[in-house]
Amino acid sequence: MSKTLFQKIADREITGDIVYEDDLVIAFRDIRPAAPMHALIVPRKPIPRINEAAADDQAVLGHLLLKAAHVARQLGLDKDGYRLVINNGAYAGETVPHLHVHILGGRAMSWPPG
Ligand code: AMP
């Protein structure tokens, strides 16, 4: 199976502005930031989207969220707050079919999203 875009960033085949990585996840700055601070955190395992995650992904999904909060703190977003977003499928605006959590901060955000 061919690598996803985010696997290529993790494997250094495509340049990414990496801010955190460990055995299970990698985080890098979004190439088209939607906020003053915008990073993505991605499991190394190429789960296409949260809808396709399985019971045996439970540990990696928990790790993904805990490390999303870690990266947000590392980027200095925790004092003023930040938003975590997972887009699943066409209506949500998903464009890269490799599960990722957006970490957005640095400005106030409205709710609900458009
Ligand atoms: P989504 O629309 O939820 O699938 O999010 C995909 C995100 O990946 C978008 O915010 C893109 O700007 C971002 N993106 C696409 N290509 C790259 C890249 N080469 N490096 C970093 N972020 C990227």
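Residues numbered from 1 in each chain as written. Predicted model: local features only at pLDDT ≥ 70, side-chain atom pairs only at ≥ 80, totals over all residues. Heavy atoms only, no water.

(A) Summary view of the site of the ligand. Residues in contact with the ligand amount to 16 residues; listed here are only the nearest, Asp30, Asn87, Thr95, His100 and His102. Between the ligand and Ile31, the relevant distance is 3.1 Å, taken from a nitrogen atom to a main-chain nitrogen or oxygen of the residue. One nitrogen or oxygen atom from the main chain of Thr95 is found 2.7 Å from an oxygen atom belonging to the ligand. In isolation the ligand offers 500 Å² of accessible surface; the protein chains occlude 86% of this area. Structurally, the ligand is housed in the largest pocket. Every element with two or more residues in the shell around the ligand is listed here: helix H1 (5-10) and strand S2 (25-29). Of the residues belonging to the shell around the ligand, the class tally is seven nonpolar, five polar and four charged. (Near = heavy atom within 4 Å. Polar contact = N/O pair within 3.5 Å; in protein donor to acceptor, adjacent residues only side chain to side chain. Areas by Shrake-Rupley, 256 points an atom, 1.4 Å probe, with all protein chains shown as cover. 1 Å grid on protein atoms, 1.4 Å probe; cavity = no way out; pocket = protein on both sides within 12 Å on 5 of 7 lines; lining within 4 Å. Sits in = over half its atoms within 2 Å of the grid points. Helix = DSSP H or I, 4+ residues; strand = E, 2+ residues; numbered from the N terminus. Nonpolar A, V, L, I, M, F, W, Y, C, P; charged D, E, K, R; others polar.)

(B) Structural view of the nonpolar core. In terms of nonpolar packing, the biggest core is built from 18 residues, with Ala27, Ile41, Leu64, Val71, Leu75, Leu77 and Ile103 touching the most fellow members. Of all the secondary-structure elements, those providing two or more residues to this core are strand S1 (18-21), S2, strand S3 (37-43), helix H2 (58-74) and strand S5 (101-105). The element contributing the most residues to this core is H2, with five residues. Not counting the four nearest positions on each side in its chain, Ala27 is found in contact with Asp17, Ile18, Val19, Tyr20, Leu40, Ile41 and Val71. Core analysis: the second largest hydrophobic core is formed by eight residues, Ile9, Ile26, Phe28 and Val42 among them. (Core = buried A, V, L, I, M, F, W, Y, C linked by side-chain atoms within 4.5 Å. Buried < 20%, exposed > 50% of the residue type's maximum accessible area, 1.4 Å probe, protein only. Contact = heavy atoms within 4.5 Å.)

(C) Quick look at the layout of surface pockets. Roughly 840 Å³ of volume is contained in the largest pocket. Every residue lining the largest pocket is counted, 33 residues in all, and those nearest its centre are Asp30, His38, Leu40, Asn87 and His102. When residues in the lining of the largest pocket are grouped by element, the largest group, three residues, is from H1. Classifying every residue of the lining of the largest pocket gives 16 nonpolar, ten polar and seven charged. (Points joined across faces, edges and corners; volume = space filled by probe spheres on them.)

(D) Highlighting empty space enclosed by the protein. For the structure on display, the rule yields one cavity of 30 Å³ or more. Here the largest cavity is characterised by a volume of approximately 30 Å³. Looking at the lining of the largest cavity residue by residue, the class counts come to four nonpolar, two polar and two charged.

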